[in-house]
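# Structural description and commentary
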Amino acid sequence: MSVSQGVDGGGPAVEGLLHEVIRRLWPVHRVVLRAVERGLAGTGMTAGQHAVLDALRRGGPRTVPQLARALDLDRQPVQRLVNDAKALGLAETVANPEHRRSSLVRLTARGESVLARVQEAEHGALRRHLGDLDPDEVATALRVLDRLGEVFQELERAAEKRNRNDRNDQGADGT
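Residues numbered from 1 in each chain as written. Predicted model: local features only at pLDDT ≥ 70, side-chain atom pairs only at ≥ 80, totals over all residues. Heavy atoms only, no water.

## Observations regarding the overall build of the protein chain
Along the protein chain, the regular secondary structure elements total six helices and two strands. Along the first, second and third principal axes, the C-alpha atoms of the protein chain reach 60 × 60 × 25 Å. Counting across all 175 residues of the protein chain, residues that qualify as buried make up 23%. Long-range contacts, defined here as pairs at least 24 residues apart, represent 43% of the contacts in the protein chain between residues at least 6 apart. Accessible surface, the protein chain as shown: approximately 12,600 Å² in total, 53% of it carbon and sulfur. A gap of 7 Å separates the mean positions of the 26 positive and 25 negative side-chain charges of the protein chain. (Helix = DSSP H or I, 4+ residues; strand = E, 2+ residues; numbered from the N terminus. Buried < 20%, exposed > 50% of the residue type's maximum accessible area, 1.4 Å probe, protein only. Contact = heavy atoms within 4.5 Å. Areas by Shrake-Rupley, 256 points an atom, 1.4 Å probe, with all protein chains shown as cover. Lys, Arg positive; Asp, Glu negative; His and termini not counted. Charge placed at Lys NZ, Arg CZ, Asp CG, Glu CD.)

Quick look at the structure:
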């Protein structure tokens, strides 16, 4: 691994290390996704449905737009994932006491059971293969990933705002 040196010539510069983290995210994401999909064999569930069901399990019943925000996805793909999970009997929609036209999505008893079995197997695999990691180091990795996510979300919002302003400016003068 080649990482640029810090300004003082000492250890690696933080931006070089962060760039290495970013470079590794996509391949790690792909291999984790494939492993999750293997672990879902026989459930009928996809990795996307697993993510939706996990969000419901952690956050309780929510509307599709709330799920989409929690997963940082567009509403339409989340609606398809919810529809597929409903077809499998893993999720259901129920009346939303706060909004008549926007149903809540929640796990069914079957969904809870299937997700619990899948996650129990995932936790066992993580313990067997990564149980030697120091919890403080894992907590540090989580803080770094959270911070990267926050910064890139801020950058994305700023770019979207600039694009909207550019479109508005173009429309105002007719060019």
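Right, picking up where we left off after that structure.
## Things to note about the layout of surface pockets
Once rolled over the atoms, a probe with the size of a water molecule shows which space is left empty. The computed volume of the largest pocket comes to approximately 1,800 Å³. In terms of lining, the largest pocket is formed by 39 residues, of which the most central are Val28, His29, Val32, Val36 and Leu126. For the lining of the largest pocket, the elements supplying multiple residues, two or more each, are helix H1 (14-39), helix H2 (47-59), helix H5 (109-130) and helix H6 (135-173). Among the elements that take part in the lining of the largest pocket, H6 stands out by supplying 11 residues, more than any other. Taken as a whole, the second largest pocket spans an internal volume of roughly 410 Å³. If you trace the second largest pocket, you find 14 residues lining it, with Ala70, Leu71, Asp72, Leu73 and Gln153 closest to the centre. For the lining of the second largest pocket, the secondary-structure elements that each account for two or more residues are H2, helix H3 (64-71) and H6. Taken together, the residues that form the lining of the second largest pocket break down as six nonpolar, three polar and five charged. (1 Å grid on protein atoms, 1.4 Å probe; cavity = no way out; pocket = protein on both sides within 12 Å on 5 of 7 lines; lining within 4 Å. Points joined across faces, edges and corners; volume = space filled by probe spheres on them. Nonpolar A, V, L, I, M, F, W, Y, C, P; charged D, E, K, R; others polar.)

## Focus on the packing of H3 against helix H4 (residues 75-87)
At a minimum axis separation of 9 Å, H3 and H4 run at an interaxial angle of 110 degrees. Of the possible angle classes, the one that applies to H3 and H4 is roughly perpendicular. Judged by the sense of rotation from one axis to the other, the crossing of H3 with H4 is right-handed. Contact residues: Val64, Pro65, Leu67 and Ala68 in H3; Arg75, Val78, Gln79 and Val82 in H4. For the contact of H3 with H4, the residue count by class is six nonpolar, one polar and one charged. (Axes fitted to C-alpha atoms, helices over the stretch in contact; angles between N-to-C directions. Parallel < 35°, antiparallel > 145°, perpendicular 65-115°, else oblique. Left-handed = near helix turned anticlockwise from the far one by under 90°.)

## What to know about the environment of Ala70
Positionally, Ala70 belongs in helix H3. With 39 residues separating them in the primary sequence, Ala70 and Ala109 have C-alpha atoms 22 Å apart.

## A look at H3
Regarding H3, the residues found buried are Val64, Leu67 and Ala68. Looking down the long axis of H3, one finds its buried residues gathered within 100 degrees of arc, a one-sided arrangement. The elements touched by buried residues of H3 are H2, H4 and strand S2 (104-107). After H3 finishes, the residue Asp72 shows a positive phi value of roughly 55 degrees. (Arc of directions from axis to C-beta.)

## What about the packing of H2 against H4?
In contact at an axis separation of 9 Å, H2 and H4 are set at 90 degrees when each is read in the N-to-C sense. As judged from the angle between their axes, H2 and H4 are roughly perpendicular. Residues Gly48, Gln49, Val52 and Leu53 of H2 pack against Leu81, Val82, Asp84 and Ala85 of H4. The residue inventory of the contact of H2 with H4, partitioned by class, reads five nonpolar, two polar and one charged.

## Structural notes on the nonpolar core
Met45, Leu53, Leu56, Leu67, Val82 and Val105 are the most contacted members of the largest nonpolar core, which has 20 residues in total. Mapped onto this core, the elements with two or more residues apiece are H2, H3, H4, S2 and H5. (Core = buried A, V, L, I, M, F, W, Y, C linked by side-chain atoms within 4.5 Å.)

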